[in-house]
Amino acid sequence: IDSAEPVLRATAGQVFRFGEDAGAGNVVKLCGNFMIASAIESSAEALSLAEKSGLDRVKVMEMLNTTIFDCLIYKGYGNRVAARQHIPGQPLVGPGFQLDLGAKDVQLAMNAAQQVGAPMPFASVLRDRFITQQAKGRGKMDWSTIGLGVSEDAGIDVSQHLADC
């Protein structure tokens, strides 16, 4: 690691060390992806509440991600969920991160948690959400498509957003 650090610093800006175990970096990645998936789910639930209450979901997210949730994840994924853009290539999605890959990472996080005895009850909710979306044939869509499932569970018709799938 010491010999690679100058190159890493030049390309990444910051380098974090998590001990000598080579698997530690993988756990950090799983933690980050679990947190992103959680943010997508919570955004989708909040926006379904807003929409069912008669509010414009896009305007609600705009207010939230320019004030108390002013950060990259809520701006990127929150805007996708608000606009229901989940197809790779759409303006807010770009190349995207496939739902199938997100499902894999949630399962890997659950496996790692089980190995060390760390309960992750919300990971189970996310796993089920991902499985439901995969069962609907949405595995190649961006993982923010779990937001469609949240809307559907709330009785919101999202069929017009699936026309291009």
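Each value, and the rule that gives it
Residues numbered from 1 in each chain as written. Predicted model: local features only at pLDDT ≥ 70, side-chain atom pairs only at ≥ 80, totals over all residues. Heavy atoms only, no water. Helix = DSSP H or I, 4+ residues; strand = E, 2+ residues; numbered from the N terminus. Contact = heavy atoms within 4.5 Å. Areas by Shrake-Rupley, 256 points an atom, 1.4 Å probe, with all protein chains shown as cover. Phe/Tyr/Trp six-rings, centres within 6.5 Å; stacked < 30°, edge-to-face > 60°. Polar contact = N/O pair within 3.5 Å; in protein donor to acceptor, adjacent residues only side chain to side chain. Salt bridge = Lys/Arg side-chain N within 4 Å of Asp/Glu carboxyl O. Axes fitted to C-alpha atoms, helices over the stretch in contact; angles between N-to-C directions. Parallel < 35°, antiparallel > 145°, perpendicular 65-115°, else oblique. Patch = residues over 30% accessible without salt bridge, like charges linked within 9 Å, V, L, I, M, F, W, Y side chains within 5 Å. Buried < 20%, exposed > 50% of the residue type's maximum accessible area, 1.4 Å probe, protein only.

### Considering the overall build of the chain
Secondary structure summary: the chain contains 7 helices and 0 strands in total. Tracing the chain from N to C terminus, the helices and strands come up as α-α-α-α-α-α-α. Considering only intrachain contacts with a sequence separation of at least 6, the fraction spanning at least 24 residues in the chain is 61%. Accessible surface, the chain as shown: approximately 9,400 Å² in total, 60% of it carbon and sulfur.

### As for unusual backbone geometry
Phi at Arg-84 is positive, roughly 55°, even though this residue is not glycine. You can see Arg-84 is positioned in the loop between helix H4 (72-83) and helix H5 (99-116).

### Examining the packing of aromatic side chains
The way to describe two aromatic rings as a pair is by their centre distance and the angle between their planes. Counted under the stated rule, the structure contains 5 aromatic pairs. Ring centres of Tyr-77 and Trp-143 lie 5.9 Å apart, and the angle between their planes is 80°; this geometry places the pair in the edge-to-face category. You can see Tyr-77 sitting in helix H4 and its partner Trp-143 sitting in the loop between helix H6 (121-135) and helix H7 (146-153), a full 66 residues away along the chain. With a centroid separation of 6.3 Å and 50° between ring planes, the pair formed by Phe-130 and Trp-143 is classed as tilted.

### Let's talk about the side chain of Asp-142
If you trace the backbone, Asp-142 turns up in the loop between H6 and H7. Here the side chain of Asp-142 touches Ser-144 through a polar contact of 2.6 Å, side chain to side chain. Leaving out residues up to four positions away in the same chain, Asp-142 has contacts with Tyr-77, Arg-80, His-86, Pro-88, Val-93, Gly-96, Phe-97 and Leu-99.

### Comments concerning the pattern of salt bridges
Considering all chains together, one arrives at 12 salt bridges under this definition. The structure contains a network of salt bridges with shared partners spanning Lys-29, Lys-104 and Asp-105.

### Focus on the packing of helix H3 (residues 57-64) against H4
Where H3 contacts H4, the axes come no closer than 8 Å and their chain directions differ by 170°. Of the possible angle classes, the one that applies to H3 and H4 is roughly antiparallel. Where H3 approaches H4, its residues Arg-57, Val-58 and Met-61 are matched on the opposing element by Tyr-74, Gly-78, Asn-79, Val-81, Ala-82 and Ala-83.

### A few points about a nonpolar patch on the surface
A cluster of nonpolar residues, Phe-16, Phe-18 and Val-28, forms a patch on the protein surface that exposes about 320 Å² of accessible area. Tracing the sequence through the fold places Phe-16 in the loop between helix H1 (5-12) and helix H2 (24-52). Residue Phe-16 is classed as exposed on the basis of its relative accessible area, which comes to 58%.

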